[in-house]
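Listed here are the chains, written in short residue letters.
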Amino acid sequence: MAEIASFQATSSSRVRFSFASSLNPMRLPTTNRVHFGFPSRSRFPRIYALSSNDIKVGVNVEVDGAPWRVLEFLHVKPGKGAAFVRTKMRNYVTGNVVEKTFRAGSTLSEANVSKETKQYTYKDGDQFVFMDLSSYEEARLNEKDVGDKVKWLKEGMDCILLSWNGRVIDFELPITVKLAVVEVDPGLRGDTAQGTFDRDCLTEARSVDSGSDVAGGSKPATLDTGAVVNVPLFVNVGDEIMVDTRTGQYMSRA
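Residues numbered from 1 in each chain as written. Predicted model: local features only at pLDDT ≥ 70, side-chain atom pairs only at ≥ 80, totals over all residues. Heavy atoms only, no water.

Participant: Help me understand the overall build of the protein chain in this model?
Facilitator: Across its full length, the protein chain holds two helices and 19 strands. For the protein chain, the proportion of its 254 residues judged to be buried stands at 28%. Of the contacts formed within the protein chain by residues at least 6 apart in sequence, a portion of 42% connects residues at least 24 apart. For the protein chain, the accessible surface area stands at approximately 16800 Å², while carbon and sulfur atoms represent 51% of it. (Helix = DSSP H or I, 4+ residues; strand = E, 2+ residues; numbered from the N terminus. Buried < 20%, exposed > 50% of the residue type's maximum accessible area, 1.4 Å probe, protein only. Contact = heavy atoms within 4.5 Å. Areas by Shrake-Rupley, 256 points an atom, 1.4 Å probe, with all protein chains shown as cover.)

Participant: Mind showing me how you'd approach the nonpolar core here?
Facilitator: Soluble globular proteins: nonpolar side chains tend toward being buried together. Residues Phe130, Leu153, Phe171, Leu223 and Ile241 are the most contacted members of the largest nonpolar core, which totals 26 residues. Among the elements of the structure, strand S11 (127-131), strand S12 (138-142), strand S13 (158-164), strand S15 (176-184), strand S16 (218-223), strand S17 (228-232) and strand S18 (240-244) are those that each provide at least two residues to this core. The element that contributes the greatest number of residues to this core is S15, accounting for four residues. Within the second largest apolar cluster, 12 residues are counted, among which are Val59, Val63, Ala66 and Trp68. (Core = buried A, V, L, I, M, F, W, Y, C linked by side-chain atoms within 4.5 Å.)

Participant: It is not clear to me how the confidence of the model for the protein chain should be interpreted in this structure. Could you clarify?
Facilitator: In low-pLDDT regions, the fine details of the predicted coordinates are not to be read closely. Looking at the protein chain, the pLDDT average stands at 76 and 69% of residues meet or exceed 70. Across the protein chain, element-level confidence peaks in S18 with a mean pLDDT of 96 and bottoms out in strand S3 (residues 30-33) with 42. A low-confidence stretch, residues 1-46 stays under pLDDT 50, and its non-local contacts, those more than four residues away or across chains, total 45 contacts. Note that pLDDT drops below 50 for residues 189-211; the model gives that stretch 13 contacts with residues more than four away or on any other chain. (pLDDT = per-residue confidence, 0-100.)

Participant: Mind showing me how you'd approach the packing of aromatic side chains here?
Facilitator: The geometry of two aromatic rings is summed up by the distance between their centres and the angle between their planes. The final tally for this structure, using the stated rule, is three aromatic pairs. Note on Tyr120 and Phe128: the rings are 5.9 Å apart at their centroids and 45 degrees apart in plane angle, and the pair reads as tilted. Judged by relative accessible area, Phe128 falls into the buried class, the value being 5%. Centre to centre, the rings of Phe130 and Phe171 are 5.5 Å apart; their planes meet at 45 degrees, and the pair counts as tilted. Here the residue Phe130 occupies a position in strand S11, and Phe171 occupies one in strand S14 (residues 167-172), the gap between them amounting to 41 residues. The pair formed by Phe130 and Phe171 is uniform in burial state, with each residue classed as buried. Every member of this aromatic cluster is reached through a ring pair, and the members are Tyr120, Phe128, Phe130 and Phe171. Between Lys100 and the ring centre of Trp68, over which it is positioned, the NZ or CZ distance is 5.0 Å. The residue whose ring lies beneath Lys149 is Phe171, and the NZ or CZ to ring-centre distance is 4.8 Å. (Phe/Tyr/Trp six-rings, centres within 6.5 Å; stacked < 30°, edge-to-face > 60°. Lys NZ or Arg CZ within 6 Å of the ring centre and 35° of its normal.)

Participant: Please clarify how the pairing of S17 should be interpreted in this entry.
Facilitator: A regular strand places its side chains so that they alternate between the two faces of the sheet. The sheet contact formed by S16 and S17 spans five bridges and is antiparallel. In the strand pairing of S17, Pro220 is matched with Asn230. Counting the residues between successive antiparallel strands, the hairpin from S16 to S17 contains four residues, one of them, Gly226, with a positive phi of roughly 100 degrees. (Pairing = 2+ DSSP bridges.)

Participant: Even after reading the chapter, I still don't get the pattern of salt bridges, so can you show me in this structure?
Facilitator: Here the idea is simple: oppositely charged side chains can pair when their charged atoms come close. One pass over the structure, following the stated rule, counts 11 salt bridges. Here Glu172 makes a salt bridge to Lys115, at a shortest N to O gap of 3.4 Å. With Glu172 in strand S14 and Lys115 in strand S10 (residues 113-124), the pair connects residues that are 57 residues apart, well separated along the chain. On the accessibility criterion, Glu172 (22% relative accessible area) is partly exposed. Between Asp170 and Lys149 there is a salt bridge, and its shortest N-O distance comes to 3.1 Å. Pair noted here: Asp170 is in strand S14 and Lys149 is in the loop between helix H1 (143-146) and S13, with a separation of 21 residues, a long-range link. (Salt bridge = Lys/Arg side-chain N within 4 Å of Asp/Glu carboxyl O.)

Participant: Would you mind going over the pairing of strand S6 (residues 66-76) with me for this structure?
Facilitator: The pairing of strand S5 (residues 60-63) with S6 spans four bridges and is antiparallel. Residue Val61 lies in a different strand from S6, and its bridge partner there is Trp68. Count of turn residues in the S5/S6 antiparallel hairpin: two residues, of which Asp64 carries a positive phi of about 55 degrees. Bridge count between S6 and strand S7 (residues 84-91): eight bridges; the pairing is antiparallel. In the strand pairing of S7, Arg69 is matched with Arg90.

Participant: What am I meant to see in unusual backbone geometry here?
Facilitator: Negative phi values dominate among residues other than glycine, just as trans dominates among peptide bonds. The phi dihedral of Tyr136 is positive, around 60 degrees, even though this residue is not glycine. Within the secondary structure, Tyr136 is located in the loop between S11 and S12. Not every positive phi belongs to a glycine, and Asn165 is a case in point at roughly 55 degrees. Within the secondary structure, Asn165 sits in the loop between S13 and S14.

So this is what it looks like as structure tokens:
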């Protein structure tokens, strides 16, 4: 039994095959798409160009081959000369904070800093271990990398890890954390009526400005992470409180 095969090339990289049998003249077409070149998804991260006008607090830029985070910025338009942007930036890799100036309209490269949520699980020597609960993949940061954030860090806490070029360079704490009071000074005693009134008025004014409810006097309290914060006089050992990790201020009882 003889079969005859023929094909015809068409546009859009399609090749159509048709078969005809000597016993069955019915044609049985089959269409296959042929792909040429590389996959459509690039393996390399895309780097976006930023203008100096895009600089603001929290923006990640790449300068001199290193990732930097903008901490402060100020657009300056002098009476004479060209405008410029004065910034204070922190190097993610070294931790150094420096001031840098950029001409208005100049172009910068955005640092390809990726973010991923991982849970802080335990401390191994001088390293802090974070784990991806779906893949159980671990990431580690040294004490130097963690810095002062350690006073708010607690096992089981979900944090956001920042990576650059496949390396973990920093992490972000939750904005608010719940911590337990393990030690607290007793309430103040023996104050004169006028002294107590003045102190309470000052404390209440400060609490209104900060948005916390530390009113009517405060006292230092040690938390289960070792951090010390000012809390209202009614807070006692064993109480759980909410703290703003950005300011280190007491917010409320949990």
